[in-house]
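# Chain and residue survey
Listed below are the residues making up each chain.
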Amino acid sequence: MSGSALRRVLHGCTAGVLVLVPLASWTVLRVTVVAVAIGALVFEIVRLRVPRVRARLAQLVPVYRSHEGRRPSGAMWLSVGYAIATLFPAPAPAAGILVGGLADPAASLVGSHGGGVGQKTLRGSVAHLVVGVAALMALRLPWSTALGLGLLATAVERWSGPLDDNVTVPLVVSAAVTLLA
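Definitions and limits used
- Residues numbered from 1 in each chain as written.
- Predicted model: local features only at pLDDT ≥ 70, side-chain atom pairs only at ≥ 80, totals over all residues.
- Heavy atoms only, no water.
- 1 Å grid on protein atoms, 1.4 Å probe; cavity = no way out; pocket = protein on both sides within 12 Å on 5 of 7 lines; lining within 4 Å.
- Points joined across faces, edges and corners; volume = space filled by probe spheres on them.
- Helix = DSSP H or I, 4+ residues; strand = E, 2+ residues; numbered from the N terminus.
- Nonpolar A, V, L, I, M, F, W, Y, C, P; charged D, E, K, R; others polar.
- Expected span 1.5 Å × (residues − 1).
- Buried < 20%, exposed > 50% of the residue type's maximum accessible area, 1.4 Å probe, protein only.
- Contact = heavy atoms within 4.5 Å.
- Salt bridge = Lys/Arg side-chain N within 4 Å of Asp/Glu carboxyl O.

### Things to note about the layout of surface pockets
Here the second largest pocket is characterised by a volume of approximately 190 Å³. Along the wall of the second largest pocket there are 14 residues; nearest its centre are Pro91, Ala92, Leu141, Val177 and Ala181. At the level of elements, α6 (92-112), α8 (143-158) and α9 (165-180) are the ones that each hand at least two residues to the lining of the second largest pocket. Top contributing element to the lining of the second largest pocket by residue count: α9, with 3 residues. Taken together, the residues that form the lining of the second largest pocket break down as 12 nonpolar, 2 polar and no charged.

Put into structure tokens, the structure is as follows:
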């Protein structure tokens, strides 16, 4: 499996953290996600400051992009995005985590097949929208609400500015669901 394929699979699997809700509670989800984000921050500090650790990780887990040798990884930003999403009242975090976890790897997969490796493509954005809307409808949101939130999430993913979209998408979706409740 290529590094980019492994990265997409791992990214998509992160939405599985939501199984904690029916198994335990929203509180357990929040505590777990915040603890993972703190662990990811510490891990990134070590990875970025210790060249031997960085080199060994790049060999063992070939998911890091070239720019992530100098700055925090998308995985760390995703854990931070999820942690921020859990600060919103339930069930908003589920929406942010599902869209953040599933729509981005779909956009990457479809977008990269259009020849746009490493850059955002229209095909990737359409895939983000479709998967985002489907994820939101799986949470039983009305289709019109899911479509509006999906469009918002896709716009944020495509034009996230200086912030990593792994932070902004879960945050914006969770905030919007809270405002709509």
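### Things to note about helix α7 (residues 122-138)
The first and last C-alpha atoms of α7 sit 24 Å apart over 17 residues, in line with the 24 Å expected at 1.5 Å per residue. Within α7, the full set of buried residues consists of Gly124, Ser125, Ala127, His128, Gly132, Val133, Ala135 and Leu136. Packed against the buried residues of α7 are α6, α8 and α9. Arg140 lies just past α7 and shows a positive phi near 70 degrees.

### Quick notes on the side chain of Ser73
With respect to the secondary-structure elements, Ser73 resides in the loop between α4 (51-60) and α5 (74-85). Given the relative accessible area of 3%, Ser73 is considered buried. Once residues lying within four places of it in the same chain are set aside, the contact partners of Ser73 are Glu44, Arg47, Tyr64 and Glu68.

### Some points on the pattern of salt bridges
Should the charged atoms of two oppositely charged side chains come close, the side chains can pair. Summed over all chains, the structure comprises 4 salt bridges. A salt bridge links Arg7 to Glu68, with the nearest nitrogen and oxygen atoms 2.8 Å apart. Residue Arg7 is found in helix α1 (residues 3-13), and its partner Glu68 is found in the loop between α4 and α5; the two are separated by 61 residues along the sequence. Between Glu44 and Arg47 there is a salt bridge, with the nearest N and O atoms lying 2.7 Å from each other. Taken together, the residues Glu44 and Arg47, both in helix α3 (residues 26-49) and 3 residues apart, mark about one turn of the helix. Each of Lys120, Glu157 and Asp165 takes part in salt bridges that share partners, so that together they form one network.

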